[in-house]
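# Observations on the three-dimensional arrangement
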Amino acid sequence: RENWPIVFYNRTCQCQGNFMGYNCGDCKFGFTGPNCTVRRTLIRKEIYRMTATEKDKFIAYLNLAKRSLSSDYVIATGTYEQMNNGSNPMFADVNVYDLFVWLHYYASRDAFLEGDLVWRDIDFAHEAPAFLPWHRFFLLHWEHEIQRLTGDENFTIPFWDWRDAQQCDICTDE
């Protein structure tokens, strides 16, 4: 969003093959194995087709993510200007769950352009052509972080098929 990350990072990885991640140490989505060469397909389950045990596990994983600090990510707590042009870094640890809350929120914020230009009231994650691909990547990344946190490589986020819903059927205490 701002042109400041180059101040904090003097190099970035360009991953080869089926590797990804900030250090190229993870397999790309859809691959597994020591060399990330084994294809794997995970199927998300409709939430109403989950067993009570599956729902309990899902909630337990979300609660664990809320209690666990991300081992790879921090969040900026100030703007580039507040950081004195990068000379005073302002970052904080974040738990795995709130990292994704923050990413989702941040994608919906004003966009800072070069100079003093700001695009206000534009939500690139929801009100633009990137809605579907952005959320697809967001969910894949979130699933990946939960899989890493729990060691459950088969974890997927359930979905709610709301096409024929007359109200928010899923909006219950359960």
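Residues numbered from 1 in each chain as written. Predicted model: local features only at pLDDT ≥ 70, side-chain atom pairs only at ≥ 80, totals over all residues. Heavy atoms only, no water.

The protein chain is annotated in an unreviewed UniProt entry as Tyrosinase of Anomaloglossus baeobatrachus. Listed in UniProt under the heading Subcellular location (unreviewed entry), the comment for the protein chain reads: "Melanosome membrane". (UniProt positions renumbered as here; feature names shortened; annotations may be inferred.)

Time to look at the pattern of salt bridges. Opposite charge on two side chains allows them to pair when their charged atoms are near. Tallied over the entire structure, the rule returns 8 salt bridges. When the shortest N-O distance is used, the salt bridge between Glu143 and Arg44 registers 2.6 Å. With a gap of 99 residues between them, Glu143 in helix 4 (residues 131-150) and Arg44 in the loop between strand 4 (38-39) and helix 2 (52-67) connect regions that are remote in the sequence. For Arg44, a relative accessible area of 22% puts it in the partly exposed group. It is possible to trace a salt-bridge network through shared partners that takes in Asp26, Asp72, Glu145 and Arg148. (Salt bridge = Lys/Arg side-chain N within 4 Å of Asp/Glu carboxyl O. Helix = DSSP H or I, 4+ residues; strand = E, 2+ residues; numbered from the N terminus. Buried < 20%, exposed > 50% of the residue type's maximum accessible area, 1.4 Å probe, protein only.)

What follows concerns the confidence of the model for the protein chain. Considering every residue of the protein chain, the mean pLDDT works out to 86; 90% of them sit at 70 or more. Per-element confidence in the protein chain is highest for strand 4, whose mean pLDDT is 97, and lowest for helix 1 (residues 5-8), whose mean pLDDT is 59. (pLDDT = per-residue confidence, 0-100.)

What follows concerns the state of the cysteines. This structure, assessed with the given rule, holds 3 disulfides. With its sulfur 2.2 Å from that of its partner, Cys15 forms a disulfide with Cys24. Residues Cys15 and Cys24 are joined by a disulfide whose S-S torsion is about -90°; by sign, that bridge is left-handed. Looking at Cys15, the relative accessible area reads 28%, which means it is partly exposed. Bridging Cys27 to Cys36, the disulfide has an S-S length of 2.0 Å. Sign of the S-S torsion, about -85° for the bond between Cys27 and Cys36, identifies this disulfide as left-handed. Classification of Cys27 as buried rests on a relative accessible area of 17%. Of note for the protein chain: the bonded cysteines, numbered N- to C-terminal, pair according to 1-2, 3-4, 5-6. (Disulfide = S-S within 2.5 Å.)

Our focus in this paragraph is the nonpolar core. With 16 residues, the main nonpolar core has Phe58, Val96, Leu99, Phe100, Trp142, Ile146 and Phe155 as its most contacted residues. Counting residues per element, the ones that place at least two in this core are helix 2, helix 3 (96-106) and helix 4. At 4 residues, helix 2 tops the list of elements feeding residues into this core. When sequence neighbours within four positions are dropped, the list of residues in contact with Phe155 reads Leu42, Phe58, Tyr61, Glu143, Ile146 and Gln147. (Core = buried A, V, L, I, M, F, W, Y, C linked by side-chain atoms within 4.5 Å. Contact = heavy atoms within 4.5 Å.)

Below, the discussion takes up the layout of surface pockets. In this structure, the second largest pocket occupies an estimated 750 Å³ of space. As for the second largest pocket, its lining consists of 26 residues, of which Ile157, Pro158, Phe159, Trp160 and Ile170 are closest to the centre. Contributions of two or more residues to the lining of the second largest pocket are made by helix 2, helix 3 and helix 4. Looking at the lining of the second largest pocket, the element that brings in the most residues is helix 4, giving 7 residues. Looking at side-chain class alone, the lining of the second largest pocket contains 18 nonpolar, 2 polar and 6 charged residues. (1 Å grid on protein atoms, 1.4 Å probe; cavity = no way out; pocket = protein on both sides within 12 Å on 5 of 7 lines; lining within 4 Å. Points joined across faces, edges and corners; volume = space filled by probe spheres on them. Nonpolar A, V, L, I, M, F, W, Y, C, P; charged D, E, K, R; others polar.)

When you line up the elements, His141 lands in helix 4. Owing to a relative accessible area of 12%, His141 belongs among the buried residues under this scheme. Beyond its immediate stretch of four places on either side in the chain, His141 contacts Phe29, Tyr73, Phe100 and Leu103.

Before going further, it helps to examine the packing of aromatic side chains. Evaluated as defined, the whole model comprises 8 aromatic pairs. Seen in terms of ring centroids, Phe100 and Phe138 are 5.7 Å apart; in terms of plane orientation they differ by 70°. Their pairing is edge-to-face. Here Phe100, found in helix 3, pairs with Phe138, found in helix 4; they are 38 residues apart in sequence, far enough to count as distant. Measuring from ring centre to ring centre gives 6.4 Å for Phe138 and Trp142, while their planes differ by 35°; the resulting arrangement is tilted. Residue Phe138 and its partner Trp142 are located together in helix 4, separated by 4 residues, close to a single helical turn. Judged by relative accessible area, Phe138 falls into the buried class, the value being 10%. (Phe/Tyr/Trp six-rings, centres within 6.5 Å; stacked < 30°, edge-to-face > 60°.)

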